[in-house]
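Structure assessment
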Amino acid sequence: QMCIRDSYSTEDYVLNPSQRVLVSTGIRIAIPLGYEGQTRPKSGLALNYGISICNSPGTIDSGYRGEVRVIVINHGNEEFKITSGMKIAQMIFNKVEEAEFEEVEELDDTKRGQGGFGSTGLD
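Throughout what follows, the structure given in this document is the object of discussion. (Residues numbered from 1 in each chain as written. Predicted model: local features only at pLDDT ≥ 70, side-chain atom pairs only at ≥ 80, totals over all residues. Heavy atoms only, no water.)

**With respect to the packing of aromatic side chains**
Per the counting criterion, the structure on display carries 1 aromatic pair. Where Tyr-49 meets Phe-80, the ring centres are 5.1 Å apart and the plane angle is 50°; that geometry is what we call tilted. Here Tyr-49, found in helix α1 (residues 43–49), pairs with Phe-80, found in strand β8 (residues 80–82); they are 31 residues apart in sequence, far enough to count as distant. The class of Phe-80 is buried, set by a relative accessible area of 8%. (Phe/Tyr/Trp six-rings, centres within 6.5 Å; stacked < 30°, edge-to-face > 60°. Helix = DSSP H or I, 4+ residues; strand = E, 2+ residues; numbered from the N terminus. Buried < 20%, exposed > 50% of the residue type's maximum accessible area, 1.4 Å probe, protein only.)

**Considering the pairing of strand β7 (residues 67–74)**
In terms of strand pairing, strand β3 (residues 20–28) meets β7 through 7 bridges, oriented antiparallel. Residue pairing for β7: Val-21 is matched across the bridge by Val-72. As judged from the 3 bridges shared by strand β5 (residues 51–53) and β7, these two strands associate in the antiparallel manner. Note that in β7 the partner of Ile-51 across the bridge is Asn-74. (Pairing = 2+ DSSP bridges.)

**Quick look at the layout of surface pockets**
By volume, the largest pocket amounts to about 190 Å³. What lines the largest pocket is a set of 14 residues, and nearest its centre among them are Asn-55, Thr-59, Ile-60, Val-68 and Arg-69. At the level of secondary structure, the elements contributing two or more residues to the lining of the largest pocket comprise β6 (58–60) and β7. The element best represented in the lining of the largest pocket is β7, accounting for 5 residues. Considered class by class, the residues forming the lining of the largest pocket number 7 nonpolar, 4 polar and 3 charged. (1 Å grid on protein atoms, 1.4 Å probe; cavity = no way out; pocket = protein on both sides within 12 Å on 5 of 7 lines; lining within 4 Å. Points joined across faces, edges and corners; volume = space filled by probe spheres on them. Nonpolar A, V, L, I, M, F, W, Y, C, P; charged D, E, K, R; others polar.)

**Some remarks on the pairing of strand β4 (residues 35–40)**
As judged from the 6 bridges shared by β4 and strand β9 (residues 87–95), these two strands associate in the antiparallel manner. Bridge pairing in β9 places Glu-36 opposite Asn-94. Bridge count between β4 and β6: 3 bridges; the pairing is antiparallel. Across the sheet, residue Thr-39 finds its bridge partner in β6, namely Gly-58.

**Digging into the pattern of salt bridges**
Inspection of every chain in the model, using the stated rule, returns 2 salt bridges. Across the pair Lys-42 and Asp-6 runs a salt bridge whose closest N-O atoms are separated by 2.8 Å. Here Lys-42, found in the loop between β4 and α1, pairs with Asp-6, found in strand β1 (residues 3–8); they are 36 residues apart in sequence, far enough to count as distant. For Lys-42, a relative accessible area of 17% corresponds to the buried category. Of the charged contacts, one joins Lys-87 and Asp-6 as a salt bridge, the two residues approaching to 3.3 Å between their closest N and O atoms. Taken together, the residues span a long stretch of sequence, with Lys-87 in strand β9 and Asp-6 in strand β1 at a distance of 81 residues. Among the charged side chains, a salt-bridge network with shared partners connects Asp-6, Lys-42 and Lys-87. (Salt bridge = Lys/Arg side-chain N within 4 Å of Asp/Glu carboxyl O.)

This is the structure we're talking about:
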């Protein structure tokens, strides 16, 4: 099950082209063990202004208890103003699997093997 929530800026910012800023959301959350939060860009801001999130998706793990802040970047050609109360990101909450990994000397063979970009025939 997935839950989506908009995130809003709590402060005013001005981003010049190619500039990034850490935007405060005022949100502090205790995500249950076995779940994670992700911050993702708003499609309208991306399409209309070139505004995105640097580390998209940004991960919020279940052990984090600080304020959720979002690294926003201006990929556009114009100055962009973020105002307090503006939607700046979406938060998605997903269940994550805990896994244990084992270090080995060799990996098993697969059909793809070491094939890189385009090796699956989906060029």
